[in-house]
Amino acid sequence: MRKITIAIDGYSSTGKSTVAKHLAKDLGYVYVDTGAMYRAVTLYAIRKGYFGSADKNVEALVNDLPKINLKFVFNEGLGFSEIYLNGENVEKEIRTLNVSAFVSPVAEIQAVRVKLVEMQQEMGKEKGIVMDGRDIGTVVFPQAELKVFMTASPKARATRRYKELLDRGEQVTYQEVLENVESRDFIDSNREFSPLRKAEDAIEFDNSDIGLQDQFERLHGYALRLINKK
Ligand code: DC
């Protein structure tokens, strides 16, 4: 059976990673959450004091890039890979609202993007991969056989994200989450380098009113058709 590359892009909190993980597991493919990579670099910058409410030291972060080591390690129990920053499992810490607040400005830095895109292309060179992010179908793997662009209304996305954060015990208001979703949409779509946009040949998928199982079945159907194509 031939192996393909599956690129899933879209706005934040559209449920890209949930459906991408499920798809990878079913196909026996590797799953890579590229947002986790941008988040881990952001966590590094916050811890170093380079990024904070009053700070934005791009130069210091760029100088430190060679010192930032990222690795995905498969967790058998969970059934997916977790991200390690310089040897430390940071999977939980990168999902806090504090990291979300600074990740878009960090992801705007060209040197950060160059480093992470290179790593992503290396991870996917053998195909058999499902990668989700913002620029996978446009920049990382423009030749991907299957490209999906996920959207949902800001309110639907903020509602999902708010529930997730509450479940994790974070003290946040719905309004804060909605503002974060909207501000990340704006920065991600308007940045100078690799802005979030739909690749011309991507399938657009609005999942505001579609359940997870239904989303999975549709994407799985597209993938199998391509995998079995002679
Ligand atoms: O998918 P996510 O919400 O975890 O991504 C976090 C941020 O990282 C998002 O606001 C934009 C950025 N990002 C990016 O610029 N390019 C990617 N391929 C993935 C994420």
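Structure's up top.
Rules of the game
Residues numbered from 1 in each chain as written. Predicted model: local features only at pLDDT ≥ 70, side-chain atom pairs only at ≥ 80, totals over all residues. Heavy atoms only, no water. Pairing = 2+ DSSP bridges. Helix = DSSP H or I, 4+ residues; strand = E, 2+ residues; numbered from the N terminus. Near = heavy atom within 4 Å. Polar contact = N/O pair within 3.5 Å; in protein donor to acceptor, adjacent residues only side chain to side chain. Areas by Shrake-Rupley, 256 points an atom, 1.4 Å probe, with all protein chains shown as cover. Nonpolar A, V, L, I, M, F, W, Y, C, P; charged D, E, K, R; others polar. Axes fitted to C-alpha atoms, helices over the stretch in contact; angles between N-to-C directions. Left-handed = near helix turned anticlockwise from the far one by under 90°. Contact = heavy atoms within 4.5 Å. Buried < 20%, exposed > 50% of the residue type's maximum accessible area, 1.4 Å probe, protein only. Salt bridge = Lys/Arg side-chain N within 4 Å of Asp/Glu carboxyl O. Phe/Tyr/Trp six-rings, centres within 6.5 Å; stacked < 30°, edge-to-face > 60°. Lys NZ or Arg CZ within 6 Å of the ring centre and 35° of its normal.

Chemist: Looking at this structure, how should I read the sheet that holds strand E5 (residues 70–75)?
Modeler: Consider a sheet: its strands pair through backbone hydrogen bonds, and that pairing is either parallel or antiparallel. Strand order in the open sheet formed by 3 strands is E5-E6-E7, with antiparallel pairing between adjacent strands. Each edge of the sheet is formed by a strand with only one pairing partner; in this case those strands are E5 and strand E7 (88–89). For strand E6 (residues 80–85) and E7, the ladder comprises 2 bridges, and the chain directions are antiparallel. Paired with leucine 85 across the strands is glutamate 88, a residue of E7.

Chemist: I'm lost on the site of the ligand in this one. Help?
Modeler: Neighbouring residues of the ligand: 16 residues in total, closest Arg39, Arg113, Asp135, Arg184 and Arg191. Separating an oxygen atom of the ligand from a side-chain N or O atom of arginine 39 is a distance of 2.7 Å. Within the side chain of arginine 184, a nitrogen or oxygen atom sits 2.9 Å from an oxygen atom of the ligand. In isolation the ligand exposes 450 Å². Once the protein is present, 96% of that is buried. Secondary-structure elements contributing two or more residues to the shell around the ligand are helix H2 (34–47), helix H4 (97–107) and helix H8 (174–190). For the shell around the ligand, the element with the most residues is H2, which contributes 4 residues. Tallied by class, residues from the shell around the ligand come to 4 nonpolar, 4 polar and 8 charged.

Chemist: Whenever I open this one, the packing of H2 against helix H5 (residues 110–123) confuses me. Can you help?
Modeler: The packing of two helices is summarised by the inter-axis angle and the distance between the axes. Interaxial distance between H2 and H5 falls to 11 Å at its minimum, and their mutual angle equals 140°. Between H2 and H5 the crossing geometry is right-handed. Residues Thr34, Met37, Tyr38 and Val41 of H2 touch H5, and the partners they reach there are Val112, Arg113, Leu116, Val117, Met119, Gln120 and Met123. Residues of the contact of H2 with H5, tallied by class, amount to 8 nonpolar, 2 polar and 1 charged.

Chemist: What am I meant to see in the pairing of E6 here?
Modeler: One face of the sheet, then the other: side chains in a regular strand alternate in exactly this way. Across the 6 residues of E6, 5 count as buried, placing the element largely inside the fold. Remark: 4 residues form the turn of the hairpin made by E5 and E6, two consecutive strands paired antiparallel; glycine 79 in that turn has positive phi of roughly 85°.

Chemist: Explanation requested: the pattern of salt bridges in the structure shown.
Modeler: Throughout the structure, instances matching the rule amount to 15 salt bridges. Taking the shortest distance from any N to any O, the salt bridge between arginine 113 and aspartate 135 comes out at 2.9 Å. In this pair, arginine 113 is assigned in helix H5 and aspartate 135 in the loop between strand E8 (129–133) and helix H6 (136–140), connecting sequence segments 22 residues apart. For the pair shown, arginine 113 and aspartate 135 are each scored as buried. In this structure, a network of salt bridges that share partners links the residues Asp33, Glu91 and Arg95.

Chemist: Sorry if this is basic, but what is going on with the packing of aromatic side chains here?
Modeler: We describe a pair of aromatic rings using the distance from one ring centre to the other and the angle between the two ring planes. Throughout the structure, instances matching the rule amount to 2 aromatic pairs. Ring plane angle 80° and centroid distance 5.9 Å describe the contact between tyrosine 162 and tyrosine 174, whose orientation is recorded as edge-to-face. Here tyrosine 162 is found in helix H7 (residues 154–167), whereas its partner tyrosine 174 is found in helix H8, with 12 residues between them in sequence. Looking at tyrosine 174, the relative accessible area reads 27%, which means it is partly exposed. The positively charged end of lysine 21 is found above the aromatic ring belonging to phenylalanine 80, 3.9 Å away from the centroid.

Any link to function would need more than the numbers given here.
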